[in-house]
Amino acid sequence: MLDPKRLRTDAAAIAAQLARRGYTFDLAAFERLESRRKQLQTETEALQAARNKASKDIGFAKAKGQDARPLLETVEQSKQRLAENELALSALQAEFDDFLARVPNIPHDSVPDGKDEQDNVEIRRVGTPRQFDFPVKDHADLGEALGQMDFAAAAKLTGARFVVLKKDLARLHRALTQFMLDVHTREHGYEELYVPYIVNAASLRGTGQLPKFGEDLFALKGEDGQDWRLIPTAEVPVTNLLRDEILDAGELPKKWVAHTPCFRSEAGAAGRDTRGMIRQHQFEKVELVQAVEPGKSYEALEQLTAHAEAILKKLELPYRVVALCAGDMGANAAKTYDIEVWLPSQQRYREISSCSNFEDFQARRMLARYRHPETKKTELLHTLNGSGLAVGRTLVAVLENYQRADGGWDAPAALKPYLPD
RNA sequence: GGAGAGAUGGCCGAGUGGACGAAGGCGCUCCCCUGCUAAGGGAGUAUAGGGCUUUAAAACCUUAUCGAGGGUUCGAAUCCCUCUCUCUCCGCCA
């Protein structure tokens, strides 16, 4: 959520910045809402103040044994109008909140211009794709030939976009998870968390999956009126730990890592990546989340991205880092780096991590604050997150990049301790 | 699943219709005193909005918030209803 105060004083400039992501800020609608809000709120609060004053006076009068009847009558008269005002105001506020909740974040100045994927800017390339002296197979062919990756079985159990892994591939999946968690906790200073995989609507609003992206989520058929969803990413339960909290400056930066499954309905992705494990309804991810002081979030974004990259470096998988252009970024992000791993079967780099700085956009919505040590005032935190990494896609990358002519695969050296013979 | 108790500020805890954003204590901050990390004295100490002013803030005025939502009332932390969560006992269980 953007700062309503800034929006009021600087709407035109903000609209211009939002235009960079192809978003048209409805200035007229905003100003109409805002002027009605101001008028209605001022009026309502004046009525409330008058009522509160009168009620106190009634109390005084009664305590002194005076006749409170005249006061009662005057209060009675404005009662109806106050009730109408309050009703109108809360309706307007709801409208205003909904409007505001749909406005995306302002792209940082360093974010490249552009309207889609084509305009993203490659920042660096690490590692060299291996030259194969035999025809490469993709991970699905390799896995199925080994009898350890079974899409048909998963389709029987559930449906499309699920997988059953067996034997060494199931173990590789587990080993990758363990490896990632160990690196981030031991070498990068993250605190490991175990969190719920089901969250309520308030949490989804906090991180911005609602109201806009509800169709991507799996909803649970709960009891009466309960609105529970499966998490699409650990970002939701982890970042929401900060909701309605005021941290001490000494607790910062907060650095959390959590391994969770992620559930996405992939609405609108029909026909895309239907083959293999690239795009599933259920996948696992090791997620990095940070909460930092406002002045330090861009430094933190570089670090967090480097932490995710470290996994690929250790696994010796070729990758590149891409700065998303304004038009390709998610609505909550002020700046995003995608990390893309080389997939020999596709002869291209594919996203394996997405690292974003949300600045105070999420923090404002969820009231995630810290106390400034000098001013003693509360200030909004900056939040960041990134995959470190998507486990399923990492497995795909290992399988494809380390494949042998005989259809088997070699384990990356860094993984050997996790895959004893 | 059954029975009962409860939810108040950073923490403990008082408050069953009016001067309560909330006693008291602890903690914390600042000041004073004190010749030595102890003790004492004083002051301050919730959050989020809005108005006004402003470069911005502070100050000032004001609204809302005592688990959440609704209701009764001129007035609700206090009364009523619904929900959520916590605790105790019983049952069941990975």
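Quick caveat, the model's predicted, so the values are computed rather than measured. One numbering rule holds for all chains: residues counted from 1, following each sequence as written. Chain letters start at A and ligand numbers start at 1, both assigned in the order the entries are written. With the structure being a predicted model, the display of local features is reserved for residues of pLDDT at least 70 and the display and counting of side-chain atom pairs for 80 or more, all residues being used for whole-chain, interface and lining totals. To get the side-chain values, all heavy atoms of the structure are used, and hydrogens and water are removed first.

(A) Structural view of the protein's contact with RNA strand B. If a single non-hydrogen atom of a residue is within 4 Å of a molecule or strand, that residue counts as near it. Near RNA strand B you find 25 residues, and of these Arg-37, Glu-45, Ser-55, Phe-60 and Thr-378 are the closest. Sugar and phosphate atoms represent 70% of those atoms of RNA strand B found within 4 Å of the protein. Here a polar contact is recorded for every N or O atom pair within 3.5 Å, except that within protein the pair must consist of a potential hydrogen donor and a potential acceptor, and residues adjacent in sequence are included only if both atoms are side-chain atoms. At 3.2 Å, a side-chain N or O of Lys-62 approaches a base oxygen of RNA strand B. One nitrogen or oxygen atom from the side chain of Lys-79 is found 3.1 Å from a phosphate oxygen belonging to RNA strand B. Every helix listed is a DSSP run of H or I at least four residues long, and every strand listed is a run of E at least two residues long, numbered separately from the N terminus. Elements with a contribution of two residues or more to the surface near RNA strand B: helix H1 (4–19), helix H2 (27–63), helix H3 (69–101) and strand E13 (368–371). For the surface near RNA strand B, the element with the most residues is H2, which contributes 15 residues.

(B) Summary view of the packing of aromatic side chains. Planes of paired rings set the category: under 30 degrees apart is stacked, over 60 is edge-to-face and the rest tilted, where pairs are Phe, Tyr or Trp rings (Trp by its six-membered ring) whose centres lie within 6.5 Å. For the coordinates displayed, the defined rule picks out 8 aromatic pairs. Measuring from ring centre to ring centre gives 5.6 Å for Phe-25 and Phe-30, while their planes differ by 50°; the resulting arrangement is tilted. Note on exposure labels: buried denotes an accessible area under 20% of the residue type's maximum, exposed denotes more than 50%, and partly exposed covers the range between, all computed with a 1.4 Å probe on protein chains only. What makes Phe-30 buried here is its relative accessible area of 1%. The rings of Phe-25, Phe-30, Phe-96 and Phe-99 are connected pair by pair, giving a single aromatic cluster. A ring has a charge above it when a Lys NZ or an Arg CZ is no more than 6 Å from the ring centre and no more than 35 degrees off the ring normal. Against the face of Tyr-190 rests Lys-255, its NZ or CZ located 5.0 Å from the ring centre.

(C) Structural view of empty space enclosed by the protein. Here a cavity means grid points, on a 1 Å grid over the protein atoms only, where a 1.4 Å probe fits yet cannot get out; a pocket means an open set of points with protein on both sides within 12 Å along at least five of seven lines; lining residues are those with an atom within 4 Å of a point. Grid points are joined across faces, edges and corners, and a volume is the space filled by probe spheres set on the points. Applying the stated criterion to the full structure yields 1 cavity of 30 Å³ or more. Looking at the largest cavity, it is lined by 13 residues, and the ones nearest its centre are Ala-101, Lys-212, Ala-331, Asn-332 and Arg-365. For this scheme, ten residues count as nonpolar: Ala, Val, Leu, Ile, Met, Phe, Trp, Tyr, Cys and Pro. Four count as charged, namely Asp, Glu, Lys and Arg, and the remainder, Gly too, count as polar. Considering only residue class, the lining of the largest cavity consists of 8 nonpolar, 2 polar and 3 charged.

(D) Broad picture of the UniProt feature "binding site: ATP" (unreviewed entry) in chain A. UniProt positions are given in the numbering used here, feature names are shortened, and annotations may be inferred rather than shown by experiment. The UniProt entry lists Arg-264, Ser-265, Glu-266, Glu-351, Ile-352, Ser-353 and Ser-354 under the feature "binding site: ATP" (unreviewed entry), expressed in the numbering used here. Inspection of the secondary structure assignment puts Ser-265 in the loop between strand E8 (254–263) and strand E9 (282–292). Once you skip the residues sitting within four places of it in the chain, Ser-265 turns out to touch Glu-215, Asp-216, Leu-217, Phe-218 and His-281. At 2.8 Å, the side chain of Ser-265 and the backbone oxygen of Glu-215 are in polar contact. Inspection of the secondary structure puts Glu-266 in the loop between E8 and E9. Not counting residues within four places of it along the chain, the set of residues in contact with Glu-266 comprises Arg-161, Arg-279, Gln-280 and His-281. Contact between two residues is taken to exist if any of their heavy atoms lie within 4.5 Å; hydrogens are not considered.

(E) The arrangement of the environment of Arg-102 in detail. Examined against the element boundaries, Arg-102 turns out to sit in the loop between H3 and strand E1 (121–126). For Arg-102, a relative accessible area of 35% gives the class partly exposed. Between the C-alpha atoms of Arg-102 and Phe-25, which are 77 residues apart in sequence, the distance is 10.0 Å. Aside from chain neighbours lying at most four places away, what touches Arg-102 is Tyr-23, Pro-211 and Lys-212.

(F) A look at helix H6 (residues 167–186). For a helix, the expected span equals 1.5 Å multiplied by the number of residues minus one. With 20 residues, H6 extends 28 Å from end C-alpha to end C-alpha; this agrees with the ideal 28 Å at 1.5 Å per step. Residues of H6 that are buried: Leu-169, Leu-172, His-173, Ala-175, Leu-176, Thr-177, Phe-179, Met-180, Leu-181, Asp-182, Val-183 and His-184.

(G) Spotlight on the side chain of Lys-285. Position of Lys-285 relative to the elements: it lies in strand E9. Residue Lys-285 is classed as buried on the basis of its relative accessible area, which comes to 6%. Among the polar contacts listed, one links the side chain of Lys-285 to the side chain of Thr-233, at a separation of 3.0 Å. Setting aside its immediate chain neighbours within four residues, Lys-285 contacts Thr-233, Ala-234, Ala-258, His-259, Thr-260, Cys-262, Arg-264, Ser-387, Leu-389, Ala-390 and Val-391.

(H) Inspection of the domain arrangement of chain A at higher detail. Residue ranges assigned to the domains are those given by an automatic or database domain assignment. Domain annotation for chain A reports domain 1 (26–102) and domain 2 (117–418). Each of domain 1 and domain 2 was reduced to a C-alpha centroid, and the two centroids are 47 Å apart.

(I) Layout of the pattern of salt bridges. Any Lys or Arg side-chain nitrogen found within 4 Å of a carboxyl oxygen on Asp or Glu counts as a salt bridge. Applying the stated rule across the entire model yields 26 salt bridges. Here Arg-320 and Glu-122 are joined by a salt bridge, their closest N and O atoms 2.7 Å apart. Here Glu-122 lies in strand E1 and Arg-320 lies in strand E10 (residues 319–323), a separation of 198 residues in the sequence. The partly exposed category is assigned to Arg-320, whose relative accessible area is 21%. For Asp-406, the salt bridge is made with Arg-404, and the minimal N-O distance between the two is 3.2 Å. Beyond isolated ion pairs, a larger network of salt bridges with shared partners links Glu-122, Arg-125, Arg-320 and Glu-340.

(J) A look at the sheet that holds strand E14 (residues 378–380). Pairs of strands are assigned from DSSP output, requiring at least two bridges between the strands. The strand order across the open sheet formed by 3 strands is E7-E13-E14, and the pairing between neighbours is mixed. If you trace the sheet from one side to the other, it starts and ends with strand E7 (245–248) and E14, each paired once. When strand polarity is set aside, the average angle formed by the axes of neighbouring strands in this sheet is 40°. Sheet topology note: the E7/E13 ladder contains 4 bridges and is parallel. The residue of E13 that forms the bridge with Ile-246 is Arg-369. For every element, the axis is a line fit to its C-alpha atoms; helices are fit only across the contacting stretch, and the angle between N-to-C directions ranges from 0 to 180 degrees.

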